[in-house]
Amino acid sequence: MKTLEKLGLAAAIIAAPSLGIAQETAEAVADTTPQNAEIGFIFTTFMFLIAGFLVFWMAAGFSMLEAGLVRSKNVAMQLTKNIALVSLAAVFYYLIGYNLMYPGDGWTIDGILGAFGPAVLEAVGLAETTPDLTYASVGSDFFFQLMFCATTASIVSGTLAERIKLWPFLIFVVILTALIYPIQASWKWGGGFLDGMGFLDFAGSTVVHSVGGWAALAGALILGPRIGKYTAAGRTVPIPGSNLALATLGTFILWLGWFGFNGGSQLYMDSAANVADISRIFANTNTAAAGGALAALALTQLVYGKPDLTMVLNGALAGLVSITAEPLMPSLGAATLIGAVGGTIVVFAVPFLDRLKIDDVVGAIPVHLFAGIWGTLAVCLSNGEASLGTQLYAIVLVGGFTFGLSGAVWLVLKITLGIRVGEEDEINGLDMAELGMEAYPEFSKG
Amino acid sequence: MKTLEKLGLAAAIIAAPSLGIAQETAEAVADTTPQNAEIGFIFTTFMFLIAGFLVFWMAAGFSMLEAGLVRSKNVAMQLTKNIALVSLAAVFYYLIGYNLMYPGDGWTIDGILGAFGPAVLEAVGLAETTPDLTYASVGSDFFFQLMFCATTASIVSGTLAERIKLWPFLIFVVILTALIYPIQASWKWGGGFLDGMGFLDFAGSTVVHSVGGWAALAGALILGPRIGKYTAAGRTVPIPGSNLALATLGTFILWLGWFGFNGGSQLYMDSAANVADISRIFANTNTAAAGGALAALALTQLVYGKPDLTMVLNGALAGLVSITAEPLMPSLGAATLIGAVGGTIVVFAVPFLDRLKIDDVVGAIPVHLFAGIWGTLAVCLSNGEASLGTQLYAIVLVGGFTFGLSGAVWLVLKITLGIRVGEEDEINGLDMAELGMEAYPEFSKG
Amino acid sequence: MKTLEKLGLAAAIIAAPSLGIAQETAEAVADTTPQNAEIGFIFTTFMFLIAGFLVFWMAAGFSMLEAGLVRSKNVAMQLTKNIALVSLAAVFYYLIGYNLMYPGDGWTIDGILGAFGPAVLEAVGLAETTPDLTYASVGSDFFFQLMFCATTASIVSGTLAERIKLWPFLIFVVILTALIYPIQASWKWGGGFLDGMGFLDFAGSTVVHSVGGWAALAGALILGPRIGKYTAAGRTVPIPGSNLALATLGTFILWLGWFGFNGGSQLYMDSAANVADISRIFANTNTAAAGGALAALALTQLVYGKPDLTMVLNGALAGLVSITAEPLMPSLGAATLIGAVGGTIVVFAVPFLDRLKIDDVVGAIPVHLFAGIWGTLAVCLSNGEASLGTQLYAIVLVGGFTFGLSGAVWLVLKITLGIRVGEEDEINGLDMAELGMEAYPEFSKG
């Protein structure tokens, strides 16, 4: 495989003639102790790789959730969209998104528009003579951050399922992952103006989830509801998903991946304090999901007389979105309640959207947008540094930017290529119309 | 995200003026070297987080296994029960279970009944002036241990599938995860009287698996078999699962999660010796599963003339349960054989339970209870510190406690709320009766 | 659980009286610093365990992919084969394969045939007085390498699906995992003659994937195509898979597992340079999969007028296989293109095999053999140490050895036991014929 790097630690030691002899001040020792810096670098980098593969795994979660919640005649298409969007995100976040989001000192417009240029990783074997070991490898950071970008795109595909054309959707994904997501993310996570204002969004209730939700909402409004979803008399017709086992699997995958999503967003694992904080985040993330699921379970029993599995799944996801803006500071009890509010939002928001005739096939707008807003505001409950005004300002600004720009892109796509399949194709299912294949060719349709 | 903790290692260095200068005895150096302690703390904590998410993932495994082994008319209900029980475990283990199980010095009745009070994690950023770095963060320990509690509840849901009511089942889950599991677990893992007697159960063949199995057995006896499972003439009617692909997926998920279940139970990863032991555990856990699967494969071919996939899946799981009480000491060969005995037990125990008219829908009692007993006894084969008498004593005591208490709870639930759905509802399927929805609404039923 | 090993680091410190005092040359310090060696040992060992469980998880990926791509009447059989082959690999790689592959100084024929004897792990607690801490624990290495062996066998099962008998297939798996795979793998990874010649294959485009592909090809030729696949008039009849949701899930699982497959093959994580290289590998592996998927998506749209989900899935997998021989050296852009070539190969190779009437049910030969050859050659594009001649030589030699030996085994099995089910059994499905059970008993067949 590769030339061994056995001497890595040795090289570090050379550079530290007085290692561990505390004859200087603590900070001086810390900053001039490459050996310890190297250990911290390994810890943080490895943590990013593990958190990153967990967030990657969320792409499978969205695929299964969405495949389970659409009708069987649209399953193959939904799967195609999901694997394609993950792939497009990989390419366009590399080509454009990463440096737009993390311009360092290379902002095109300071604090507002990042740098243009493809991502470049460190040389093999960290060939630099004096590598910066204070954080993590660029490769691990790129890998981790890329998966957040892909997640944002995954959110959109569910809402617009069962009637959108493949290629216009994928063009939107390119614009979302190359431009819309990275630009607004740079405002907070790239050290841009929202970060400077004190906006707090630990792992992305706003930066990731609400952005996916706003893009989905703009698309849903311009695309219109599925045929038969709302009757002329104003009634909403339930269209059950074809495979709740897959939907549940998808929810468990997302729940699992969220440990990486929130935990990795601690960004450092080079000290006992940091790893203890990551532990708090894991525990809080889990309990918020539980709170969301239980709230939806209890509420659907109380309101509708029967529990609703789909609501319970979305309740768990809404709990996860709700805790994402601040998974560290709350106590376990507070995290459970924050998640429970998220689950409650879902139970009431799903019929609310239907009353507005906004057809969101999988419930992504309640889960990611509404609970994302709630989570962003809930930061103020546990983090003394949060300002409600700043949180609201950021929610509105990011929302306006994303909704406006997404809406413009959807409109241009609608006018030029068209974004909706023909009526007959929609009725027969996108799988036969657009792919010429079925997901379950041997099973009869209901 | 959060204030950087770059100085974590630096702080440790200050406290260690003589780091690495071995002018004292080894133990003294070890105990007074915060720098190394901090590195060990990070390793062990991170290991708990990874092992913990693997054990969390087992909840998805149980869900898929059970969803695959019930008939399609009961799939949505089985999924609902599984996601609900994971959520309830999260809340009630936090509120009550954790401190009952790990009372430290705060036993209510010394060695028998732990402490009452909700779990409290360390402060953010380990704000303590002199944090204890000899083990791992409380948050990671809580996260890891919670998942074992949830596993115990998952075991019960499979046995009782296809005829139990949702809410009484969930009430039982609350009592199991808040009281029954933590109290008996404290006897061994909380440092209680069974631990003092020298009872050995590394990762829970008894403490987790047999407890789940006893609770399931008590429930199965009180609930009775499914309609049509046993004819008046005494014949057993096979009721095949609806989706063996999901059942196989669930088995693979459980197999994967078990690396965390057993590996994490080493409890420390702060030394070469510990990480090498965790490696042994991973290898032994894998080969025990293989032994169990192969034994079931060969035996079903020999006994029935055809291999039986469901038995192979349960054989692998029984292999895993069998090695759980002692995954460290056996050689690879011994671990394979220990697992193979587990697989053998399943092949014979499943028809044995049917002869007793105990209807265990997914085979959880053979897998978790019978193989759990075998695994607990098998500790004596490889661990010289084990006493057969003590192992038997603990098996009987934990079994009696769990079976008795569970039986009492099931009886009370039966008398008060009723635990079984009506006959018509059972025949039509729990999904329509209790949820008003189907897992696969578009696919025809057999 | 086990006796604490708190003193692990302490013991290391005793052995390092001059730790960190760089009064000697760097290398001397490195080699005589057990404390740092121990930290590196923990890092690398833990990395192997995590990478190993990810590669284990690929077994679930192959199972789901293959279960999704066969017809429902053969699903239970395909699942049985997959769980059985993983189990057999565990046992026979332990009994024979591991020491054949890694003979150390114990070659039976130097550089060509390794050592015979079962794998033996380190003693519990690393009881050696002076353990070698320069690499990783034997247990972690065994665990990681075993999973590569299992992967090789998984590749074969897909090609031969829907008509091969269970037991002859499993006998082949034993020979493959005990002998064929380990012997040829020893030539490169065991330090044998191909390694001496400078053959480069970082994670196994040739050593794993093409070997699985060659064994599958030999089997497919001797087994013959499925009934009805090729008409007398020479037309190829498409036989769609029964569950594309499962096939997509399987692809995502494989994609996830591949991070461990390629990343772990760095073999060391004891320095900043190594973990940064592992990061590069993760990022390159991901983008190569994306490139393969997008190439297949675009090409099927262009060539056939409609995108083909199955091709997109196989395109992603071919991208992964293509980058496997050299996932470290390429830039992100080059890795994307290397993967895209892999995806392109799949789109053209699948119909090419059909023209040759070689019936490869899941497309494993294009994905693992053809893209494996491409990936092995592509090493020359980014690694200056690669020689095209040596790469070609190794491809041909390993291919000839594997294809020849596999073919001989398949022939002997055909003559003795027979390898193909009867015509009626094939038409009715292997599930009822060989297992007497169905994967989806309640769903009607197409």
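Our subject is the structure listed above.
Residues numbered from 1 in each chain as written. Chains lettered and ligands numbered in written order. Predicted model: local features only at pLDDT ≥ 70, side-chain atom pairs only at ≥ 80, totals over all residues. Heavy atoms only, no water.

**Some words on the interface of chain B and chain C**
It is common to give the size of an interface as the accessible area that goes away when the parts come together.
Okay, so step 1: The partner chain C presents 78 residues to the 78 residues of chain B that form the contact.
Okay, so step 2: Summing both partners gives a buried area of about 6600 Å² for chain B against chain C, and 77% of it is carried by carbon and sulfur.
Okay, so step 3: Summed over the shared surface of chain B and chain C, the result is zero salt bridges.
Okay, so step 4: Every element with two or more residues in the side of chain B that touches chain C is listed here: α2 (26-31), α3 (34-69), α9 (244-263), α10 (272-304), α11 (309-324) and α12 (332-355) of chain B.
Okay, so step 5: Here the element with the most residues in the side of chain B that touches chain C is α10 of chain B; it accounts for 19 residues. (Contact = heavy atoms within 4.5 Å. Buried area = accessible area lost by both parts, 1.4 Å probe. Salt bridge = Lys/Arg side-chain N within 4 Å of Asp/Glu carboxyl O. Helix = DSSP H or I, 4+ residues; strand = E, 2+ residues; numbered from the N terminus.)

**Brief notes about the interface of chain A and chain C**
Okay, so step 1: Counting residues at the interface gives 78 residues for chain A and 78 residues for chain C.
Okay, so step 2: Here chain A and chain C share zero salt bridges between them.
Okay, so step 3: Our count for the contact surface shared by chain A and chain C stands at nine residue pairs in polar contact (both at pLDDT 80 or more).
Okay, so step 4: Looking at the side of chain A that touches chain C element by element, the count peaks at 17 residues for helix α3 (residues 34-69) of chain A.
Okay, so step 5: Classifying every residue of the side of chain A that touches chain C gives 58 nonpolar, 12 polar and eight charged. (Polar contact = N/O pair within 3.5 Å; in protein donor to acceptor, adjacent residues only side chain to side chain. Nonpolar A, V, L, I, M, F, W, Y, C, P; charged D, E, K, R; others polar.)

**Digging into the relation of the copies chain B and chain C**
Okay, so step 1: Mapping chain B onto chain C calls for a rotation angle of 120° and an axial translation of 0.0 Å; the resulting RMSD is 0.0 Å. The two molecules are tied by a three-fold rotation axis, judged by turn and shift.
Okay, so step 2: Mapped onto chain C, only 15% of the interface residues of chain B are again interface residues, and the two copies thus contact each other with different surfaces. (Least-squares fit on C-alpha atoms with pLDDT ≥ 70 in both.)

**So, the packing of helix α4 (residues 75-101) of chain A against helix α11 (residues 309-324) of chain C**
Okay, so step 1: Closest axis-to-axis distance for the α4 of chain A/α11 of chain C pair is 10 Å, and the angle between their directions is 30°. By the angle class used here, α4 of chain A and α11 of chain C are roughly parallel. Considering the relative orientation of α4 of chain A and α11 of chain C, their crossing is left-handed. In this structure, α4 of chain A uses Ala76, Leu79, Thr80 and Ile83 of chain A to contact α11 of chain C, whose residues at the interface are Leu309, Val312 and Leu313 of chain C.
Okay, so step 2: Per-class residue counts for the contact of α4 of chain A with α11 of chain C are six nonpolar, one polar and no charged. (Axes fitted to C-alpha atoms, helices over the stretch in contact; angles between N-to-C directions. Parallel < 35°, antiparallel > 145°, perpendicular 65-115°, else oblique. Left-handed = near helix turned anticlockwise from the far one by under 90°.)

**Concerning the pattern of salt bridges**
Residue and element names in this part refer to chain A.
Okay, so step 1: Summed over all chains, the structure comprises 15 salt bridges over all chains.
Okay, so step 2: A salt bridge links arginine 226 to glutamate 162, with the shortest nitrogen-to-oxygen separation between them at 2.4 Å. Highlighted residues: arginine 226 in the loop between α8 (205-223) and α9 (244-263) and glutamate 162 in the loop between α5 (138-159) and α6 (166-188), separated in sequence by 64 residues. A single burial state applies to arginine 226 and to glutamate 162, both of which are buried.
Okay, so step 3: With a closest N to O distance of 2.8 Å, arginine 226 and aspartate 359 form a salt bridge. Residue arginine 226 is located in the loop between α8 and α9, and its partner aspartate 359 is located in the loop between α12 (332-355) and α13 (364-382); the two are separated by 133 residues in the primary sequence. Each of the two residues, arginine 226 as well as aspartate 359, counts as buried.
Okay, so step 4: Several salt bridges converge on common partners, so that one network encompasses Arg71, Glu162, Arg226 and Asp359. (Buried < 20%, exposed > 50% of the residue type's maximum accessible area, 1.4 Å probe, protein only.)

**Some remarks on helix α8 (residues 205-223) of chain C**
Residues and elements named next belong to chain C.
Okay, so step 1: Here α8 is 19 residues long and its end C-alpha atoms lie 25 Å apart, about the 27 Å a rise of 1.5 Å per residue gives.
Okay, so step 2: Across the 19 residues of α8, 18 count as buried, placing the element largely inside the fold.
Okay, so step 3: Two residues or fewer past α8, glycine 224 is found with a positive phi of approximately 85°. (Expected span 1.5 Å × (residues − 1).)

**Details of the environment of glycine 191 of chain C**
Residue and element names in this part refer to chain C.
Okay, so step 1: Mapped onto the elements, glycine 191 comes out in the loop between α6 (166-188) and α7 (193-196).
Okay, so step 2: The class for glycine 191 is partly exposed, based on a relative accessible area of 41%.
Okay, so step 3: For glycine 191 and leucine 217, which are 26 residues apart along the polypeptide, the C-alpha to C-alpha distance reads 27 Å.

**A word on the relation of the copies chain A and chain C**
Okay, so step 1: When chain A is fitted to chain C, the residual RMSD is 0.0 Å, and the transformation amounts to a turn of 120° plus an axial shift of 0.0 Å.
Okay, so step 2: A distinct binding surface is used by each copy, with only 15% of the interface residues of chain A retained as interface residues in chain C.

**Description of the packing of aromatic side chains**
Okay, so step 1: Summed over the entire model, instances satisfying the criterion amount to 84 aromatic pairs over all chains.
Okay, so step 2: Look at phenylalanine 259 of chain B and phenylalanine 143 of chain C: their rings are 5.0 Å apart centre to centre, the planes differ by 80°, and that puts the pair in the edge-to-face class. Taken together, the positions of phenylalanine 259 of chain B in helix α9 and phenylalanine 143 of chain C in helix α5 (residues 138-159) put the pair across two chains.
Okay, so step 3: In this structure phenylalanine 143 of chain C comes out as buried when scored by relative accessible area, which is 0%. (Phe/Tyr/Trp six-rings, centres within 6.5 Å; stacked < 30°, edge-to-face > 60°.)

**Topic: the nonpolar core**
Okay, so step 1: By size, the foremost hydrophobic cluster in this structure holds 462 residues, and its most contacted members are Phe53 of chain A, Phe53 of chain B together with Phe53 of chain C.
Okay, so step 2: With near-sequence residues (within four places) excluded, phenylalanine 53 of chain A lies in contact with Phe143 of chain A, Phe53 of chain B together with Ile50, Phe53, Leu54, Leu256, Phe259 and Phe282 of chain C. (Core = buried A, V, L, I, M, F, W, Y, C linked by side-chain atoms within 4.5 Å.)

**Quick notes on a nonpolar patch on the surface**
All names here are of chain A.
Okay, so step 1: Residues Leu302, Val303, Tyr304 and Phe348 make up a contiguous nonpolar surface patch of about 450 Å² in total accessible area.
Okay, so step 2: The dominant element in the nonpolar patch, judged by the number of residues it contributes, is helix α10 (residues 272-304), at three residues.
Okay, so step 3: Along the chain, leucine 302 falls in helix α10.
Okay, so step 4: Its relative accessible area of 70% is what places leucine 302 among the exposed residues. (Patch = residues over 30% accessible without salt bridge, like charges linked within 9 Å, V, L, I, M, F, W, Y side chains within 5 Å. Areas by Shrake-Rupley, 256 points an atom, 1.4 Å probe, with all protein chains shown as cover.)

**Considering the packing of helix α9 (residues 244-263) of chain C against helix α10 (residues 272-304) of chain C**
All names here are of chain C.
Okay, so step 1: Closest axis-to-axis distance for the α9/α10 pair is 9 Å, and the angle between their directions is 140°. With respect to α10, the axis of α9 lies oblique. As α9 packs across α10, the resulting crossing turns out to be right-handed. Of the residues in α10, those in contact with Trp255, Trp258, Phe259, Asn262 and Gly263 of α9 are Ile278, Ile281, Phe282, Thr285, Asn286, Ala289 and Ala290.
Okay, so step 2: In the contact of α9 with α10, the residues fall into eight nonpolar, four polar and no charged.

The values are spatial; any link to function lies outside them.
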